[in-house]
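Chain by chain, the residues:
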Amino acid sequence: MPYIALAIGVTAVSTSAVLVKLTTAPSAVVAFYRLFFSSLLILPFFLFRNLPELKTFSKKEWLFSGIAGVFLAVHFILWFESLNFTSVASSVVLVTLQPLFSFVGTYFFFKEKISFTAIISAVIAIIGSVIISWGDFYVSGKALFGDFLALAACAMVTAYLLFGQEVRKTHSVIAYTFIVYSFSAITLFIYCISLQYPLMNFPAQDWVYFLLLAIVPTIFGHSLFNWSLKWISTNIISVSILFEPVGAIILAYFLLGETVIISHVIGGIIIVFGIIMFAFEKQLKRVVKTKMDSISS
């Protein structure tokens, strides 16, 4: 069952970029309604099961949850905006660099050691992102700007995960998710109002896409990943998410008519290789050690 859930989750998150591209609303408004509707969908479960848990949150946990929500809001603003400038292929592949941003963050904030394998895998993935960006540079300057926005979005989602890491260890998925999504939706609402973005009078199809963004990639995507953690390892989930660009590129090809250039393919393969190398670092060390022990014996 968890592997079925994982397959559904990867398929679900693959729809996110395409759904954003199909909307006509400003990026920040799309992000607001995605998190607003997600919060509303989680609200009944939170009120029924997890409301008393709010009393157990310390001041530090409330602060970290709020900061995580702000970073998540900025992530969606930057990532959704990147899709206005670059292709789905470039944007989604560059966002998959998140695990590598994470190990840099954990090194500085939690003093976790960085291994030689992790450094090599980071260099490989960075080479892949450079190839993608170099190809987009020849397509247009706007595409290159979109790539930078996607990378900035990747850094923001890493900060969101780092601030939520400690809170998530001591609280339930529903309570933590509801609080962070609520903070994020409030941040996006203030941002939209301050820039005088319209929040109403969108075509009916946009409201359908807003709701689909909340249901499909959020509830049936990220929520299923969290549920699967009870039975399968984080590494398996992290590597499975690397197949998101494949699904997104296929959907963009058929639904949006986007073409994939050779630099996207080469750069994407290199990035995926680098991140798989990073995710399976411990397993690789174990295999090498076993081989060395068998040779010495």
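Coordinates for the structure precede this section.
Residues numbered from 1 in each chain as written. Predicted model: local features only at pLDDT ≥ 70, side-chain atom pairs only at ≥ 80, totals over all residues. Heavy atoms only, no water.

Looking at this structure, I do not really get unusual backbone geometry. What am I missing?
Keep in mind that most residues, glycine aside, have a negative phi and that most peptide bonds are trans. Although it is not a glycine, Gln 196 sits at a positive phi angle of roughly 60°. Within the secondary structure layout, Gln 196 lies in the loop between helix H9 (173-194) and helix H10 (204-228). Gln 196 gets classed as exposed once you look at its relative accessible area, which sits at 72%. Of note, the phi angle at Asn 201 is positive, near 60°, even though the residue is not glycine. By the element assignment, Asn 201 lies in the loop between H9 and H10. (Helix = DSSP H or I, 4+ residues; strand = E, 2+ residues; numbered from the N terminus. Buried < 20%, exposed > 50% of the residue type's maximum accessible area, 1.4 Å probe, protein only.)

Would you mind going over the nonpolar core with me for this structure?
Grouped together as the largest cluster of nonpolar side chains are 56 residues, with contacts concentrated most on Tyr 33 and Trp 79. Per-element tally for this core: the top contributor is helix H3 (residues 27-50), with ten residues. With near-sequence residues (within four places) excluded, Trp 79 lies in contact with Ser 16, Ala 17, Arg 34, Ser 91, Val 92, Val 95 and Ala 153. (Core = buried A, V, L, I, M, F, W, Y, C linked by side-chain atoms within 4.5 Å. Contact = heavy atoms within 4.5 Å.)

Just to check I follow, could you spell out the side chain of Ser 27 for this structure?
Its location among the elements puts Ser 27 in helix H3. Residue Ser 27 is classed as buried on the basis of its relative accessible area of 6%. Of the polar contacts made by the side chain of Ser 27, one reaches the side chain of Glu 81; its length is 2.8 Å. (Polar contact = N/O pair within 3.5 Å; in protein donor to acceptor, adjacent residues only side chain to side chain.)

For this particular structure, what's the right way to read the side chain of Glu 53?
In this structure, Glu 53 sits in the loop between H3 and helix H4 (59-82). Apart from the residues within four sequence positions on either side, Glu 53 is in contact with His 171, Ser 172 and Ala 175.

Teacher, can you tell me more about the packing of H3 against H9 here?
Angle between the axes and distance between the axes: these two values describe a pair of packed helices. Two elements in contact, H3 and H9, have axes whose closest approach is 8 Å; the angle formed by their N-to-C orientations is 150°. Where H3 crosses over H9, the two elements pack in a sense that is left-handed. Across the contact of H3 with H9, the residue classes break down as 19 nonpolar, six polar and one charged. (Axes fitted to C-alpha atoms, helices over the stretch in contact; angles between N-to-C directions. Left-handed = near helix turned anticlockwise from the far one by under 90°. Nonpolar A, V, L, I, M, F, W, Y, C, P; charged D, E, K, R; others polar.)

Looking at this model, I keep getting lost on the environment of Ile 250. Mind explaining?
Along the chain, Ile 250 falls in helix H12 (residues 244-256). Given a relative accessible area of 45%, Ile 250 falls into the partly exposed group. Along the primary structure Ile 250 and Val 18 are separated by 232 residues, whereas in three dimensions their C-alpha atoms are 10.0 Å apart.

How should I be thinking about the packing of aromatic side chains in this particular structure?
Here a ring pair, both rings aromatic, is described through the centre-centre distance and the interplanar angle of the planes. Taken as a whole, this structure holds 20 aromatic pairs when the rule is applied. A ring pair is formed by Trp 79 and Phe 80, whose centres lie 5.6 Å apart and whose planes are at 45°; its orientation type is tilted. According to the relative accessible area criterion, Phe 80 is buried, its value standing at 0%. On the numbers, 5.2 Å between centres and 90° between planes, the contact of Tyr 253 with Phe 254 is edge-to-face. (Phe/Tyr/Trp six-rings, centres within 6.5 Å; stacked < 30°, edge-to-face > 60°.)

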